[in-house]
Structures are given as C-alpha cells and as structure tokens.
Amino acid sequence: MQSGDAERALSVSQRFCAFLSALDAASIPISAREAAIRDLVDMSGLCVAARRESYVRQIAEAWDAEGPCTAIGQPRALDTAGAAVVNGVATHGEDFDDTLEGAPIRVGAMVIPAVLAVAERFGLSGERSLVGIAAGLEAVCRLNRVAPGHMHRAGFHPVGVIGALGSAAGVGTALGLDRDRLAMALGIASSMASGILEYLTDGAWTKRLHPGWAAQSGLRAALMARAGFFGPLTALEGHHGLYRSFAPTGTPDFSQLTERLGEDWQMRKIAFKPYACGTMIHPYIDCMIELGREGVDARRIKSVVCETGEGLVHRLWEPLGDKHRPPSGYAAKFSMPFCMAVGFFDGDAGLAQFTDARARDETVLELARRISYVIDPQNEYPANYTGHVRLEMTDGTVIERRRAHMRGGAREPLSRDDIVAKFHANVAHGGWERARGEALLEFCETLGEALDLSGLARFRG
Amino acid sequence: MSETQTVSAALAEWIAATSAADLPDAAREAASGTILDTIGLIVAALDTDYGGAVRRAFADPGGATVYGLGEGRAMGAAAMINGTCGHGEDFDNTFEGCPVHSGVVIVPALTAAAEALGLDNAAVAKGIVVGMEVMCRLGLVAKKAVHQAGFHPTAILGTMGAAAGVAAAMGQRPAQIRDTLGVAGSMASGIIEYLADGSWTKRMHAGWSAQAAIRAAMMGAQGFSGPATVFEGTHGLFSAFGPSIEPEFELLTRDLGRRWEMAAIAYKPYACGTMTQPYIDCAVRLARSGVDPASIAEISCEVGEGTVHRLWEPLAEKRRPTTPYSAKFSTPYCVAVGLLFGDAGLAEFTEERVRDPRVLALAGKVNYVIDPDNEYPANYTGHVALTLRDGTVREERQASMRGGAREPLSRDELEAKCAANLAFAGRPRDGVGAISAFAETVMAGQGAFEAAALSRRLSV
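Reading the values: rules and limits
Residues numbered from 1 in each chain as written. Chains lettered and ligands numbered in written order. Predicted model: local features only at pLDDT ≥ 70, side-chain atom pairs only at ≥ 80, totals over all residues. Heavy atoms only, no water. Helix = DSSP H or I, 4+ residues; strand = E, 2+ residues; numbered from the N terminus. Rg over C-alpha atoms; globule rule 2.2 N^0.38 Å. Buried < 20%, exposed > 50% of the residue type's maximum accessible area, 1.4 Å probe, protein only. Contact = heavy atoms within 4.5 Å. Core = buried A, V, L, I, M, F, W, Y, C linked by side-chain atoms within 4.5 Å. Buried area = accessible area lost by both parts, 1.4 Å probe. Salt bridge = Lys/Arg side-chain N within 4 Å of Asp/Glu carboxyl O. Polar contact = N/O pair within 3.5 Å; in protein donor to acceptor, adjacent residues only side chain to side chain. Pairing = 2+ DSSP bridges. Phe/Tyr/Trp six-rings, centres within 6.5 Å; stacked < 30°, edge-to-face > 60°. Lys NZ or Arg CZ within 6 Å of the ring centre and 35° of its normal. Expected span 1.5 Å × (residues − 1).

A. The arrangement of the overall build of chain B in detail. Looking only at helices and strands, one finds 22 helices and five strands in chain B. What you see for chain B is a C-alpha radius of gyration of 22 Å, in line with the 23 Å of a compact globule of 460 residues. Based on the C-alpha atoms only, the size of chain B along its principal axes is roughly 75 × 50 × 40 Å. When each of the 460 residues of chain B is scored for burial, the buried share is 64%. In chain B, the share of contacts with a sequence separation of at least 24, taken over all contacts with a separation of at least 6, comes to 75%.

In structure tokens form, the structure reads like this:
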C-alpha cells in the first residue's frame, strides 16, 4: 500500500490524533502556549468568583467521592471526576468564560478542569499538562468548525457534545496515549457526549452543568481507552457517527480536522469576555455604555431599536416579553434588553449586574421594556458579532451607535493586563484576599515549569 | 396529567405518591426476576476483555458493590462496571414494544445509590420498579425514533428511567424529582456507531447511564434546577433524540400505578438475537428427542421476511460467522448449536465454538424459506424441519418467543440460566440460590439493603 493510501485508510479521528499524540512542549509555538496560559488564568479566576454560588457548592459538597484533586476555591479535595465537574461548572457558571467567534462554543471550561484533575491524580508534570491543555483547546476549536450551527439546530449544546471529545483529547494527550488509543478515547467520548438545550425555556441550571459534565466524561473516556476499552474509530465520520446524530442537518467538513495541523493553531483565537453575559450581547452593551457615559437621560428615551442578526433572535431576543422581564439574574444574562439597560445605567455588565435583586430592579426593567429589535439580513453573524442601537427620544431626535466587532475577540483582543484585571476582579468577587489571587496567578503563569501539580492544593478552600 | 401539568411533573407526582407497599405482586416478581438475571450476567462477564478494561479504568475503591468482586468500588465506578458487564453479552432482559434493556441500567444504578446513600430494601424495591416502569413506558413513547436518530434507546431512555428510579428510592419530593429528570436529560448520551466495527461502546452505555442517573438524582435532591419541560419542550429530550415522531406522552403518564408495563418484561433464554430464540427452542427439542446430528441431511426453517436481512443473509457468511458476537445474529449457527449442545448460552458463543467444525458443518446445512403469512414483527415464531439421511422428516414449531409476555420464563428457568452463567465464569454454580434469595429479600422490601455479603459469596 502506498503511504497516501495508508493515510486515506485511516479514519478522521486517527488522522487528527496522529497530530495530537505527537505533540510535545517543543512542537507548540509560543503564541499557542501563551493562549493556553491566558485561558488557564481566566478559568482559575472564574472558579474563585463562583466559589460561593449555590450551584457550585451543592455539587462540591454533595459529591460522593473524595480524592487527591482540587476544585479551586472549594475546601473539599475530590476525586478526578468530582474536581472536573466542579471546576467546569464554576468556570462556566456565570457565562463569563472564553468563547469562539465564528462558531460559538466555550473552550477552556471543558478541557482545563479535566486536564488539571488528571494531572493532579496521576502526577503529570506542568509541561505535560500544558501540552494537554493546548491539545484539548485545539480539538474543541476544530471539532466545532466541522458542522457549525447544526448541533444547536438539532437541539444540542455544543459545549456538552464537543466538550466531551475536547476533554478526552486533552486528557489523552496529556497522558501520552498513542494515536489509536487516543482515537478510541474520542470514540468512547462520542458515546458520552450529551447536553440538550431545554434550559432555554426556563433558565434551568443545566447549561451550567454541561461543561463540567463534559470534562468528567472526556477524562473517563480517556482513562477507558488507556485501559484498553475498544471504542469506534469512525465515531466522527461514520454512518452513525457523532455528526450524523448530533448535527444531522449539516454537511460535515472534516478537513477542519486534517488541514494545517500544527501550523494554524486555532486556539490562539479564543476570545475572552469583558462582560458576564451572552457573548453576542457585548457589542450592544458597549453601545449603551457609551450613551450612558455621554449623559443621555433615560427618561427621555422613547424607544431603542437594534439591528440584529437573525441567528441570535431565538436565544437572546425572544420571547421578547420574557426577555424584558427575566425571571432571575442568570436568565438576565441571556436577555439582550436587560443587559443593554443595565449597562446603560451601571457603565458595566460584570458579576454585580446579574444578581437576582438586580434582575428585579424596576429602573432597569423599565428601560429594558423599551428595547426591541429588527432583523438585519445583511448582519455578519455568526462570522462577526456587531452591535447597534437606534434611540428615538421623546422629542423626536434619533441617536445611533454602532460597534463593528466584539471587544475581546480576534479583532480587538483583550491584553494580558485586561485579563489579569478581570482575574483580580473575579478573585475579589469570590471573597479572596488579593495576595492569594496573586499566588494563583503565578501558579497559572508558571505552570509549564512545575514538576507536578501538587501546588494546586494551596488553592482549596 | 392535567392540561397545564408538564410531563415530568405528572411523573414526579406519581413517583412521590407511590410507596413500596403499593407495588403489585406482578411488578415485584418482574423486578425480582430482573435482579436475579442481571446479577448472573454481571458475574459472567467480569473476566471478559471488556470487563477487564472497564474494571481497570474504574478502579477507585469504595463501598459500592460490583457483583462478583470481593472488594467494593466508588459509587460511580460500581454502577459503571455492573452495567457494562450486565449488558456485555446482549443476554439481558428486553421489552416487547421497544428494545430497551432495563435491568442492566436500573439494577446497577439502584445498587450503587442504595449503598452510597444508605437506602433500605423498601426504597430499593420501589426504585427498581419505578425505574423499570418509566424506562419501558418511555420506550413505548419512543418506538423506533431514538434508533432512527442514531442514538441507543437503552442509553438515552435508561438515563431517564434510572434517574426516576433513584429519585423514587431517595424519597424525593415532586420538585426534586422534576429537577432530577431535568438534569438527567442533559446527561443522556449514547450513539450507535459501534455498529460499524463491533466496538464496545454499546456495552458501556448501560453502565454510563446508570452512573449518570445517580449523579442527576443527587443534584436534583440538592435543588440543582433542571428544565421543567425536559420531555416535551421545544428543545426537550424527544425533539433532540427522537425528532422523527410526534411523541404521545399519554403512553408515559396514563394509568400510572394501575397498568404496569414492566410486569411484562421479557427475558432471553439464549445468549443471542431475540428473533433467533424460537428457532433454537425447536432445535433443542429435536436434540432432546434423540436426533443424532450425524444423521441430518438437510435443515429447513420457515421465516418471516423481515428477519432475513439481519439473521439469514448473506447466507454463506451466516453459516460461518467470524466472531462470537456475529454468531449471535446468525440463525443457521444458532440452530446448529441448539441441535448439537441442546443450548445456546454463553458457552456456545466463544472463539473456540465459532471455529468448531461440527458446528460449521451443521450450520452449512441450514436453509430458509420465506413464509408470507409469518406474523413477524407482531410475534416471533420458530420452525425447524430436519430431513434425515434415511429420508424421514422431523419437524418442530414454536408459536411465540419463550421468555416474552406470551410464554414467560418460570423462576426455575431463570435460576437455571443464572446457574449456567455463573458456571461459565467459573464461579460457584450454587451461588444462584443466594442470588435468588437476595432478589426476593430486596423486593419484599424488608430490612436493610445488603449486597456485599452476596458479592463475597460469588467471588472466587
């Protein structure tokens, strides 16, 4: 058999895993390594920020198994799965974690908690952990571009579905699985991939659960493959494979998993959120913050109409009556009108703006009720996230503001200083002293030099 | 279910209002038989290649029982190993109406939950019956839709059924049960790509669903909120995992507590495809009547057309299956072992047996003729006609599948199956008495749940 034929005879996951299984610290460019560390910093700060939230505490306290692994900011040491679930839920819980432009998905929340837990449990080095994190992040980015939008359309949350495979890829790479074991880990993870979108109906907490559940699923899949459990090699492209089942309306583009591997590290384009709410809302908030700072008088605003991309209407605008009056601080994060109104008054949309009390603030709600949308068929969503507001004032004057893209994304990345500032704000929100935050920041930024991850235990409690 | 009530609220109300004392005898017997059958199957598979792999991967020690192992495992690990091993040989219970394998999800989930949470037998008895009932009824709602969408019904519906069962056993209030079911909907997983290469993920699904269900129930108990409309919502379970049908949720919620679907659970007498079983019955009767396999010249079976493509064709391949697993789906092979060995248990589906020249010679003589009047798929029948070398013809017919609703297996037959499974694994054959007594004790709902002593007895 010619080598070209041999290459073609391999399944998609085998070809992708040939790349992952060969990775080491030397083969990962500095820019990708830095992106991995930035994501680790952001993720750690978010874990501290959410450490007292009931949805995190409940899981951490009720988890049945203790072990050698750290859930950042929680006193109990847990087993691998427990630490992965708690860190994953805490990272994503306030919807303040990383995202991807073009094909929206979270990246770090499913991968980093899994790799940290396994590294702690099995004594992996910081360098090996970093390789695993970079591999897992890259896997999520690329798997997500195979059939973007089609998982959502079928009623599934890509964070849960693709997250399980991303976690398996990260953990399997960190553990040094060979190509076929790693491909089987992806096959096993495909049978663990889960997460439906029904939380959209009533703001249930299952959205928060998905990254944590995906993280622990993927690490289990990797450990099963390592133990010799036989998973399907054709789980990605097969007739009953992941994309056929979870994205049946799409025509999968598997070249996303085979082209320019190691040359084009897509995880370098991970976007970091300046605001603690739905990503696509951010440019709209920026418009409203600008108007608030200019001193526009809320009482004189008759109506606010926003041009918007059709794809975000069903999640962020409709049902409009409900979005005008979100039932909780959490639901408020996915209400375009609420986020815009609170940004206008507060000049920010951080964690403090999304408490349950704030979601009942009549001043904010009163402005939110005047905000509506029109679909702009030319809008670039999902390739680019734009913002627009058109205020009609009571005296008939019109004020318009636009944003050409999202701050924090590839077109206007947050700087290291921005991310560190966000990290410290999150740590403070979680009630930690600044010095403890500094120590955690240093741990993250020097992870690649650590002999093992025993230092992580300092950040329990 | 009232007009404004969600499906999960209707289920939750019924579950919370049901007590172990309300369970009818038929439901208890079906659950007791399922416990007996499931434990035998778990023990039989512990030392297989996949059993070894799942045991190595889920090695965390703890207080939860893996049936047949002397030492305990962590809660989730025990559920995972029990479920994977129980389903491993496709020899576990099934349901006529939708092929959901309830025992291998529900029994492992309730065992691990009971031990982790300190539940008693009354709680476990209720949990097993409720879990099986919800899973079977979900199967009636789903029909073929879950398979059609590329997902494994035992996995998807099993997560929901087991979550309902664990919630029931925990004595959750209706609001907690609704959250449990809502959270479970986000954990339901399992694609059927194993069909491509015979990989082991089908086996794993039962165990994965069992451990997920316990987690969902523990989260629901704490008030972790799940969507209230998890079953019927626009983005709910059925629209995601079974989009080809308009689900009739009445099949799930009507006559709860009055009609018990799980009481009609079907057990497999033989370790192979469901529709092959009545044919094996015919072969076994002919063998017992003293037919000498060497005297057989031809074998012919009347069959329903719908069974041909999976169980008969390509005929040349079906007469020489290459693996024990593919032999399970070859009627010629199954008829041949029935004639030669008078059984088609785990011992008849080994690497050695699929290369046995006596079996292959006999399987090579098996033919089929399509009977256009055959009742398949409404009923599974069997027929074997032998033409002996001296020209005499011997014929047997089986009017329905033994083990199903029309001709259930007796307790004695289930115990004999369990004993054969224990013997196959080299475990004490008389352990079956202890398993049977354990199943009866649990389902009588008296006293504490105590599985560890049984497990030690079954370990070698």
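B. Examining the overall build of chain A more closely. When its secondary structure is counted, chain A shows 22 helices and six strands. Against the compact-globule benchmark of 23 Å for 461 residues, chain A has a radius of gyration of 22 Å, which places it among compact chains. Principal-axis analysis of the C-alpha atoms places the extent of chain A at approximately 75 × 50 × 40 Å. The burial tally for chain A puts 64% of its 461 residues in the buried class. Nonlocal contacts in chain A, meaning residues at least 24 apart in sequence, comprise 75% of its contacts between residues at least 6 apart.

C. Representation of the nonpolar core within the structure. Counting 247 residues, the largest nonpolar core has Phe156, Met224, Tyr243, Phe246 and Met267 of chain A together with Phe231 and Phe241 of chain B as its most contacted members. The leading source of residues in this core is helix 6 (residues 121–142) of chain B, at 14 residues. Once residues within four sequence positions are removed from consideration, Met267 of chain A is found in contact with Ala32, Ala35, Ala36, Ala134, Leu137, Glu138 and Cys141 of chain A. Of all hydrophobic cores here, the second largest spans 51 residues; its members include Ala49, Ala298, Phe354 and Ala368 of chain A.

D. Region of the structure containing the interface of chain B and chain A. Every contact between the two is made by 56 residues of chain B and, on the other side, 54 residues of chain A. Of the roughly 4,400 Å² buried between chain B and chain A, counting both surfaces, carbon and sulfur atoms make up 64%. By the criterion of area lost to chain A, the three top residues of chain B are Glu193, Phe224 and His235 of chain B, representing 17% of everything that side buries. Residues Arg215 of chain B and Asp64 of chain A are paired through a salt bridge, measuring 2.2 Å at the closest nitrogen-oxygen approach. One can count 21 residue pairs in polar contact (both at pLDDT 80 or more) joining chain B with chain A. Among the elements of the structure, helix 3 (49–57), helix 4 (75–87), helix 9 (174–185), helix 10 (194–197), helix 11 (201–222) and helix 12 (237–241) of chain B are those that each provide at least two residues to the side of chain B that touches chain A.

E. Spotlight on the pairing of strand 3 (residues 301–308) of chain A. Residues and elements named next belong to chain A. Pairing analysis gives four bridges linking strand 3 to strand 5 (residues 387–393), with the strands arranged antiparallel. Counted as the bridge partner of Val304 is Leu391 from strand 5. Pairing of strand 3 with strand 4 (residues 371–375), which is carried by five bridges, proceeds in the parallel orientation. Paired with Glu307 across the strands is Val374, a residue of strand 4.

F. Quick peek at the packing of aromatic side chains. All chains considered together, the criterion is met by 29 aromatic pairs over all chains. A centroid spacing of 5.8 Å and a plane angle of 75° characterise the contact between Phe230 of chain A and Trp200 of chain B, whose relative ring orientation is edge-to-face. Taken together, the residues span two chains, with Phe230 of chain A in the loop between helix 12 (206–226) and helix 13 (242–246) and Trp200 of chain B in the loop between helix 10 and helix 11. In this structure Trp200 of chain B comes out as buried when scored by relative accessible area, which is 11%. Consider the rings of Tyr330 of chain A and Phe334 of chain A, whose centres lie 5.4 Å apart with planes at 75°: the pair is edge-to-face. The same class applies to Tyr330 of chain A and to Phe334 of chain A, which are both buried. A cation over an aromatic ring shows up here: Arg121 of chain A above the ring of Phe122 of chain A, its NZ or CZ 4.6 Å from the ring centre. It is Arg215 of chain B that lies over the ring of Trp63 of chain A; its NZ or CZ is 3.7 Å from the centre.

G. Inspection of helix 5 (residues 80–92) of chain A at higher detail. Taking 1.5 Å of rise per residue, 13 residues should cover 18 Å, and helix 5 of chain A covers 18 Å from first to last C-alpha, within 8% of that figure. In terms of burial, helix 5 of chain A is largely enclosed, as 13 of its 13 residues are buried.

H. The arrangement of the environment of Val342 of chain A in detail. Residues and elements named next belong to chain A. Relative to the helices and strands, Val342 resides in helix 18 (residues 336–346). Through-space distance from the C-alpha of Val342 to that of Glu438 is 30 Å; in sequence the pair is 96 residues apart. Excluding residues within four positions of it along the chain, Val342 makes contact with Gly347, Asp348, Gln353, Arg358 and Val364.

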